[in-house]
2 protein chains.
Amino acid sequence: MSRHIRLGLIQMSCSRDRDTSFATASRLLEQAAEQGVQIAIMPELFASDYFCQTEDTALFDIAEPIPGPTTELLAACAARHKLVIVGSVFERRTAGIYHNTSMVFDEQGGMSELYRKMHIPDDPLFLEKYYFTPGDTGFKAHQTSHARLGTLICWDQWYPEAARLTALQGAEILCYPTAIGWHPAEKAEYGEAQAGMWETIQRSHAIANGCFVAAVNRIGHEGAADGGIEFWGSSFVADPYGRVLAKGSVDREEVVIAEVDLGLIERTRQNWPFFRDRRIDAYQGLLNRFGR
Amino acid sequence: MSRHIRLGLIQMSCSRDRDTSFATASRLLEQAAEQGVQIAIMPELFASDYFCQTEDTALFDIAEPIPGPTTELLAACAARHKLVIVGSVFERRTAGIYHNTSMVFDEQGGMSELYRKMHIPDDPLFLEKYYFTPGDTGFKAHQTSHARLGTLICWDQWYPEAARLTALQGAEILCYPTAIGWHPAEKAEYGEAQAGMWETIQRSHAIANGCFVAAVNRIGHEGAADGGIEFWGSSFVADPYGRVLAKGSVDREEVVIAEVDLGLIERTRQNWPFFRDRRIDAYQGLLNRFGR
């Protein structure tokens, strides 16, 4: 049975000035709705610049409660445009506990349970372990009127475990709000390989789990003029064969639109019955750090 | 620290006549040694045609004990040419228990512990659940003089869990003896997508685990003239970035050679520290069939 839906990936530049970021997000969501998008997915932490390039207590003030300004914006856009929206918020849960959080809004503006980023990176200029307490929500899929959506966030995209656990919650589309880019000094030597591995690992989650993947990245250069991060855009949607159905530019603000047939999930899983043959009796070692 | 080694993937056609298959294997192993290969990897069940296209009790007679003719051949070739060889055998373990088994031979002809294929497929013309008892060995890596080798087999290649568990055993190269091909009637419509997903999922294991992957497939058409399987060759080696370093043709017998630097493993894992951030406290659900 075919079930066609239209996805829109909100690839945008993001600003430390929240009003500017909100204006961009609102404009692109409106544009998405005008183009018939039913499910829109935001990039990670779109309400601000990617502040994790330095460690500074003052930057915790960017965090918001939930509900708060960002969730109110997204709820309003969802209701106004009759969109399902996957959102992303730097969440202040309480004093001293801040999360990198995702959630889904329905066409009435209602909000799902929260997903709090489980895998937290820490690399030069991606100092997330300083800001984000590791999530304690586990992995989640949220039923919407169009599809069952898995909420994962950026660094999670490197973990087959995260994709699998979310797919086992029934997710039909694994949604990855993302903020990833090049260190300009490395781009010439490693840029192509890095972007290639980023796309490949996510396409593989679609294959391994017989589902769709949608990865949404920001664009633009942020940070020091002689360094910083050049976010590489390239937001894309992959089908259960890992084929890229739509892909954004590396540097333009745009709604990347993909028409997907969710009916392909069951047909693919019947032909490639990977779920049937998982050796759940032999996976205990996945709970180990290393070794048996 | 660089550690350069030379891999040779023995891409060959295989025959129901064991002497013919053995002659091909011997010839290609000799050729590999002449080209400086240090580790040679055989395709799956290379001693015979891919007999799993039908269910027939008579075909269990193809199985061999271990040690047996195939392991003796490989041990002799390993010692003669001073090669490490990853082998593959249809193993008769006892009356009524047959396995699809892999092992590693050292340059003296010594044999490692066995790995018995853990994930068993069953699809039209790939009727392996009839022939192969699921492995009870768990996932394994074998220390050799050149590298620590993970032994996995064909259908295992679709399972991120299998790759991860083998990498967690310290494997530096995930070796996948394989027998995969097109149903000729499907090739025009699905052929490219199928071969693409096969390569992509395995490249993703290299990325997720910061290691090398070597997949070795047979070539040739086997089975009914108006059906059967057209094995697609395309044996390849991928590096920890998922880049394909060497790739075979779709239809020619050849030793696919790749020079790999095992030093890249640690350098890559330092830059992409995925192992550091695994949420082993939150992976319990991987032991479930579905749901929480």
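Use the structure listed above.
Since the model is a prediction, treat every value here as computed from it, not as a measurement.

### Regarding the packing of aromatic side chains
One pair of aromatic rings is described through two measures. These are the centre distance and the angle between the planes.
Now for step 1: Applying the stated criterion across every chain, the model contains 45 aromatic pairs over all chains.
Now for step 2: Between tryptophan 155 of chain A and phenylalanine 274 of chain B the ring centres are 5.3 Å apart and the planes differ by 50°, which places this aromatic pair in the tilted class. Placement of tryptophan 155 of chain A in the loop between strand 7 (148-151) and helix 4 (160-167) and of phenylalanine 274 of chain B in the segment after helix 6 (263-271) is noted, with the two residues assigned to different chains.
Now for step 3: With a relative accessible area of 2%, phenylalanine 274 of chain B lands in the buried category.
Now for step 4: The interplanar angle of 50° and the centroid separation of 5.3 Å between the aromatic rings of tyrosine 50 of chain B and phenylalanine 126 of chain B together place this pair among those described as tilted. Linking tyrosine 50 of chain B in the loop between strand 2 (39-41) and helix 2 (69-81) with phenylalanine 126 of chain B in the loop between strand 5 (115-116) and helix 3 (128-131), this pair joins segments that are 76 residues apart in sequence. Take tyrosine 50 of chain B and phenylalanine 126 of chain B: they sit in the same class, and that class is buried.
Now for step 5: An aromatic cluster of at least three residues, connected via ring pairs, comprises Phe51, Phe60, Phe90, Tyr98, Tyr130, Tyr131 and Phe132 of chain A.
Now for step 6: One residue, arginine 243 of chain A, lies across the ring of tyrosine 241 of chain A, its end atom 4.7 Å from the ring centre.

### Observations concerning the environment of proline 69 of chain B
All names here are of chain B.
Now for step 1: Among the structural elements, proline 69 can be located in helix 2.
Now for step 2: On the basis of relative accessibility, which here comes to 29%, the residue proline 69 falls in the partly exposed class.
Now for step 3: Sequence separation of proline 69 and arginine 279 is 210 residues, and the distance between their C-alpha atoms is 45 Å.
Now for step 4: If we skip the residues at most four places from it in the chain, proline 69 touches Arg18, Phe22 and Glu64.

### Things to note about the packing of helix 4 of chain A against helix 5 (residues 184-209) of chain A
All names here are of chain A.
Now for step 1: Relative to each other, helix 4 and helix 5 sit at 40°, their axes nearing to 10 Å. Taken together, the axes of helix 4 and helix 5 lie oblique to each other. As helix 4 packs across helix 5, the resulting crossing turns out to be right-handed. Contacts between helix 4 and helix 5 involve Pro160, Ala163, Arg164 and Ala167 from the first element and His205, Ala208 and Asn209 from the second.
Now for step 2: Residue composition of the contact of helix 4 with helix 5, by class: four nonpolar, two polar and one charged.

### What to know about the relation of the copies chain A and chain B
Now for step 1: Structural alignment of chain A on chain B gives an RMSD of 0.0 Å, achieved by rotating through 180° and translating 0.0 Å along the axis. The symmetry that links the two subunits is that of a two-fold axis.
Now for step 2: Both copies contact each other with a shared surface, as 100% of the interface residues of chain A are interface residues in chain B too.

### Here's the deal with the interface of chain A and chain B
One frequent convention defines the size of an interface as the accessible area lost when the parts assemble.
Now for step 1: Facing 56 residues of chain A, the contacting portion of chain B comprises 56 residues.
Now for step 2: Summed over both partners, the interface of chain A with chain B comes to about 5,700 Å²; 60% of that surface belongs to carbon and sulfur atoms.
Now for step 3: Summed over the shared surface of chain A and chain B, the result is six salt bridges.
Now for step 4: Measuring nitrogen to oxygen at the nearest pair gives 2.7 Å for the salt bridge that ties arginine 164 of chain B to glutamate 161 of chain A.
Now for step 5: Here chain A is connected to chain B by 29 residue pairs in polar contact (both at pLDDT 80 or more).
Now for step 6: Looking at the side of chain A that touches chain B, the elements that each hand over two or more residues are helix 4 and helix 5 of chain A.
Now for step 7: Per-element tally for the side of chain A that touches chain B: the top contributor is helix 5 of chain A, with ten residues.
Now for step 8: Residues that form the side of chain A that touches chain B fall into these classes: 30 nonpolar, twelve polar and 14 charged.

### Focus on the sheet that holds strand 15 (residues 254-261) of chain B
All names here are of chain B.
Now for step 1: Across the sheet, which stays open at both edges, the six strands sit in the order 5-4-3-2-1-15 with mixed pairing between neighbours. Strands at the two margins of the open sheet, each flanked by one partner only, are strand 5 and strand 15.
Now for step 2: Across eight bridges, strand 1 (residues 4-11) lies against strand 15 in antiparallel orientation. Looking at strand 15, one finds that isoleucine 5 is bridged to valine 260.
Now for step 3: On the sheet, helix 1 (residues 18-34) packs against strand 1, strand 2, strand 3 (84-94) and strand 15 and is oriented at approximately 160° with respect to strand 1.

### Points about the side chain of arginine 203 of chain B
Now for step 1: The residue arginine 203 of chain B is located in helix 5 (residues 184-209) in this model.
Now for step 2: Buried charge without a salt bridge: arginine 203 of chain B, with glutamate 199 of chain B as the nearest opposite-charge side chain at an N-O distance of 4.5 Å.
Now for step 3: When sequence neighbours within four positions are dropped, the list of residues in contact with arginine 203 of chain B reads Thr200 and Arg203 of chain A together with Phe236, Ala238, Gly242 and Val244 of chain B.

### Considerations on helix 5 of chain B
Now for step 1: If you look at helix 5 of chain B, its biggest bend is around 85°, right at tyrosine 190 of chain B.
Now for step 2: At the C-terminal side of helix 5 of chain B, glycine 210 of chain B shows a positive phi close to 55°.

### Details of the sheet that holds strand 14 (residues 244-247) of chain A
Residues and elements named next belong to chain A.
Now for step 1: In spatial order, the strands read 6-7-8-10-13-14; together these six strands make up an open sheet with mixed pairing. Of all strands in the sheet, those bounded by a partner on one side alone are strand 6 (140-143) and strand 14. Strand after strand, the sheet turns through a mean of 20° between neighbouring axes, direction not considered.
Now for step 2: Across three bridges, the pairing between strand 10 (residues 212-217) and strand 13 (residues 236-238) is antiparallel. Within the sheet, the bridge partner assigned to alanine 215 lies in strand 13 and is phenylalanine 236.
Now for step 3: Along the sheet, helix 4 contacts strand 6, strand 7 and strand 8 (173-178); its crossing angle with strand 8, the most-contacted strand, is approximately 135°.

So, how was this worked out
- Residues numbered from 1 in each chain as written.
- Chains lettered and ligands numbered in written order.
- Predicted model: local features only at pLDDT ≥ 70, side-chain atom pairs only at ≥ 80, totals over all residues.
- Heavy atoms only, no water.
- Phe/Tyr/Trp six-rings, centres within 6.5 Å; stacked < 30°, edge-to-face > 60°.
- Helix = DSSP H or I, 4+ residues; strand = E, 2+ residues; numbered from the N terminus.
- Buried < 20%, exposed > 50% of the residue type's maximum accessible area, 1.4 Å probe, protein only.
- Lys NZ or Arg CZ within 6 Å of the ring centre and 35° of its normal.
- Contact = heavy atoms within 4.5 Å.
- Axes fitted to C-alpha atoms, helices over the stretch in contact; angles between N-to-C directions.
- Parallel < 35°, antiparallel > 145°, perpendicular 65-115°, else oblique.
- Left-handed = near helix turned anticlockwise from the far one by under 90°.
- Nonpolar A, V, L, I, M, F, W, Y, C, P; charged D, E, K, R; others polar.
- Least-squares fit on C-alpha atoms with pLDDT ≥ 70 in both.
- Buried area = accessible area lost by both parts, 1.4 Å probe.
- Salt bridge = Lys/Arg side-chain N within 4 Å of Asp/Glu carboxyl O.
- Polar contact = N/O pair within 3.5 Å; in protein donor to acceptor, adjacent residues only side chain to side chain.
- Pairing = 2+ DSSP bridges.
- Lys, Arg positive; Asp, Glu negative; His and termini not counted.
- Bend = angle between axes of the 7 residues up to and from the residue.

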